[in-house]
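# Descriptive analysis of the structure
This is what each chain is made of:
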Amino acid sequence: MADGARSLRGGSGGSPASSPVLGGRGRHAVGGSSPPGHAFRRVTLTKPTFCHYCTDFIWGLAGYQCEVCNFMSHEKCLKNVKIPCSCIAPSLVRVPVAHCFGPPGHYKKKFCTVCRKSLESPAFRCEVCELHVHTDCILFACSDCRQCHQDGHLDHDTYHHHWREGNLSSSARCEFCKKTCGSSEVLSGMRCEWCGILAHAACYVIVTPECTFGRLRNMILPPNCVQLFSRNFSKLHCFRISENLQTESDEDDDVDGSPQGSTKDIQISTDSSKQTLKIFDGNDAVKRNQFRLISVPRIAKNEEVVEAALRAYYINDDQQEYELQTFTQQVLLSDDVINRNDAAEDSNLGSVFRESVPEAWIIRAKPKDEEVIRIYPAWLKVGMAYVSLRVKKDSIVQTVIKEVLPLLGRQTECFQNFKLVEVLMGSKQVQRMVLDNQELILNRLKDIRKTSIRQMNQTRFYIVENSKSIVQVNLFVGGLPPQLSPEEYTNILKEELAIKTNVVSVSHVYQAQGAVVLQISCFSEAERIYMLVKDTVVNDKPLNAVVLPTVMASKIPQNCCPLLVFVNPKSGGLKGRDLLYSFRKLLNPHQVFELTNGGPLPGFHTFSKVPSFRVLVCGGDGTVGWVLGALEEIRHKLVCSEPSVAILPLGTGNDLGRVLRWGAGYSGEDPYSILVSVDEADDVLMDRWTILLDAEEPAEGAENGIAEPEPPKIVQMNNYCGLGIDAELSLDFHHAREEEPGKFNSRFHNKGVYVKVGLQKISHTRNLHKDIKLQVDQHEVELPSIEGLIFINIPSWGSGADLWGSESDNRFEKPRIDDGLLEVVGVTGVVHMGQVQGGFRSGIRIAQGSYFRVTLLKPIPVQVDGEPWIQAPGQIIISAAGPKVHMLKKSKQKQKKTGNLKEMKVDNMSASEGGR
């Protein structure tokens, strides 16, 4: 029962009595109308309470509350309630899809979808949809998550709105009546989790069922274009969500005996007229010691205790069909249950009850001679329909199939071409089992109920056409030695993972990256390899595995240009984690990739057949360079060989993000607005440069001085390359971050460390111009007295400073990011760099060209796009790197008329709430 509500049921001695008005199950009927599945009772309100239907305050001392799901309502609103009770939610699921629960956390101003109470204690949320649920309610959440891919079961090409109730802000507005539909006080309002449309509970029923995916339709990877066979993989594996975030104990491991729901719903009663009982719903709950607590009067009728027990398990069936048993299977024959503490001495009960009433009870379903079951046809592409069939003691599965086919218009087909599948729609996993044709159907129902009454409420039967199932699991394996042949990679996998070549084949090889994609035709073998890869090391390098979906490019609409999203969760002071969650909600989770889980290659491979797509990189300049480098290496294997790349800056400098107008750094902007900006961004070209590092002497620290020089090394440059004092400061910062990485979680702190290391170098003098020689376009260039030499490709350096300057100079062309030229600038020391950062000076312009050769006469610090190291004496050659890369530049915001400002704010807030 909800907090602040007390039952007004009549009866002597505090014992409830069944009211003729409320009916046997206590269901309130108004004007002949019965709200869907609810069991409303009139209750006394002891604190301010709001109606879950209209969200208005309930004035007075009485309201109506569902005893199963705690739905609270005005009496006048009862006849209009459209939201179904949690007890019948499983029967309304269109396509069973399990949820993907992340770690437990604290979610302010959120409400549990099952019991409708606020989430005041640690709770779970789904990483794919907006489901929030208490830890003790998670077993009762049905598998109604978004269907983000096809898995061979109930695959639909037409997608309907996927409605989720509540947890909207109080400013959310209904799409139809334009009135407020959100509330911060109760669970109210409806939102489609694909297109983001918002509506009242009374308005959403009139919405056209087909969903068009809303404003972001051209960026979303349509679910019917994605295929993933994932029977043996958890949802975390399917959506590539890091398991190190999963800290909660699994449902199957919950054997600590903590009472499910007792701490939140029922406290041990101190009222002398009340008693608290443990209730198990079957053998499985007894085995795991998972029970619910109910509070009933000391002298309560058996059917009232059964009714309370059913409500605790969100079951609204007729209590006459159930009974309570002790652990010894003793049926509770007495009409009254007497509490074991201080039982009445003058009771006429038998000695077993006089001495003590059992502490715990098991609720059992009474045996039936016949029953009506629902059979769902699996081949329906639209809607959710079923046929009801009466089965008797001698009814077997084969008989059921024969009787169902004529009802579905398939009477001319042979029953042997069909099978009956039992589907358990659990919140964490959807389990399917094909029933034997000779199995007695009533015995099967009896076994399910004996295991768990709750599971019976979440079980369906589907009639499915027999077809040869094709299993194909794509598994990306990275971390292998690079530049090997397919045969050598196969031999390594045979040796390290003992792969079975009859069911495992290497479908793609990425030699430069040391990665392969395995095609596996056996679920158990795919799971075994996936788990084994985690603990396998080859050449002192751990392997990594990623389950990849298959994108069916032929199904993608012509006007659709999906967005491939890469997020570096280590960037931006943990803001990357929040963005991962938001983008999975706004888009299809299969188009969002975490860079710490295999890098950019799994994402590019998944989109390799997509004819047109764009890329969004969420991270610092180093992350952008990483993704652009991977794109350059794999470009020839992509159907869309030149995708445009947008940036969401999460790093410290974010110079490339500044140049392309994406800002100095992410500071919590609405992710939906960011996606709209990406969709409206302009396509521009940008030069990329190749740097060849050819050391002529061995690196410092070589043993006995007889080591060979380092082999030539090639790196890619997007922003700038620095030699001398600039790289030295970056190197000191890099060392400081390696020593205490936990402290470097904000841009403000990072810049403070830069200032600190700069002040330490302020008195140092370096004659860099004496230690290097510069050649530009085959011409020697005399260097002035400088301590740092910097090659810049974009007009932003060191967190937004203009190193080249804006003054006109007849010697050089005006710099552009696509002019095929690099600008060479010198700085005289730390003070000069500080003046440039403050905008008081610019650097010393030295040269402009397209081909550079730098000769190092001694070891010198070098940094490329923020990655520093000490370079041994030798040659550095900088030249253009192949074709220019396509980048996305944020469009300039058009000025809005003042009169529309208020309306624009409201629309933005609604769009943000709707997730589209």
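What counts, and at which threshold
Residues numbered from 1 in each chain as written. Predicted model: local features only at pLDDT ≥ 70, side-chain atom pairs only at ≥ 80, totals over all residues. Heavy atoms only, no water. Buried < 20%, exposed > 50% of the residue type's maximum accessible area, 1.4 Å probe, protein only. Helix = DSSP H or I, 4+ residues; strand = E, 2+ residues; numbered from the N terminus. Pairing = 2+ DSSP bridges. Lys, Arg positive; Asp, Glu negative; His and termini not counted. Salt bridge = Lys/Arg side-chain N within 4 Å of Asp/Glu carboxyl O. Polar contact = N/O pair within 3.5 Å; in protein donor to acceptor, adjacent residues only side chain to side chain. Contact = heavy atoms within 4.5 Å. Phe/Tyr/Trp six-rings, centres within 6.5 Å; stacked < 30°, edge-to-face > 60°. Axes fitted to C-alpha atoms, helices over the stretch in contact; angles between N-to-C directions.

Burial runs high along strand β16 (residues 360-365): five of the six residues are buried. As defined by bridge partners, strand β11 (residues 274-280) adjoins β16 across three bridges and the pair is classed as parallel. Across the sheet, K278 pairs through a bridge with A360, a residue of β16. Inspection of the sheet shows strand β14 (residues 322-325) paired to β16 by four bridges, in the antiparallel sense.

Moving on to the side chain of D865. Checked against the element boundaries, D865 lands in the loop between β43 (860-864) and β44 (867-871). Despite its burial, D865 remains without a salt bridge, the nearest opposite charge being carried by R688 at 6.7 Å. Reaching out from D865, the side chain makes a polar contact with the backbone nitrogen of N719 at a distance of 2.9 Å. Setting aside chain neighbours within four positions, we find D865 in contact with G622, Q716, M717, N718, N719 and Y720.

Attention now goes to the pairing of strand β42 (residues 851-856). Bridging between strand β37 (residues 772-776) and β42 involves five bridges; their strand directions are antiparallel. Bridging from a neighbouring strand, L774 pairs with V854 of β42. Judged from the six bridges that link them, β42 and strand β45 (residues 874-880) form a sheet pairing that is antiparallel. Considered in β45, the bridge of R853 is made with I877.

A few words now on the pattern of salt bridges. Per the stated rule, a full pass over the model turns up 27 salt bridges. In this structure, the salt-bridge partner of E67 is R41, at a minimum N-O distance of 2.7 Å. Pair noted here: E67 is in the loop between β3 (62-66) and β4 (72-73) and R41 is in strand β2 (residues 40-45), with a separation of 26 residues, a long-range link. For the pair formed by E67 and R41, the shared burial category is buried. The partner of E307 in a salt bridge is R41, with the nearest N and O atoms 3.5 Å apart. Residue E307 is found in helix α4 (residues 302-312), and its partner R41 is found in strand β2; the two are separated by 266 residues along the sequence. Take E307 and R41: they sit in the same class, and that class is buried. Salt bridges linked by common partners bring R41, E67, E307 and R311 together as one network.

Attention shifts here to the packing of aromatic side chains. For the structure on display, the rule yields 18 aromatic pairs. Ring geometry for F280 against F291: centres 5.7 Å apart, planes inclined by 65°, an arrangement best described as edge-to-face. Of this pair, F280 sits in strand β11 while F291 sits in the loop between α3 (283-288) and β12 (292-297); the two residues are eleven residues apart in sequence, bridging distant segments of the chain. Note on F280: relative accessible area 3%, which makes it buried. We classify F291 as buried; its relative accessible area is 4%.

The next subject is the sheet that holds β45. The antiparallel open sheet is built from six strands, whose spatial order is β35-β34-β45-β42-β37-β38. A strand with exactly one partner marks an edge of an open sheet, and here the two such strands are β35 (713-717) and β38 (779-781). Within the sheet, the average angular offset between the axes of one strand and its neighbour, ignoring direction, is 20°. Pairing geometry for strand β34 (residues 689-695) and β35, over five bridges, is antiparallel. Paired with I691 across the bridge in β35 is V715.

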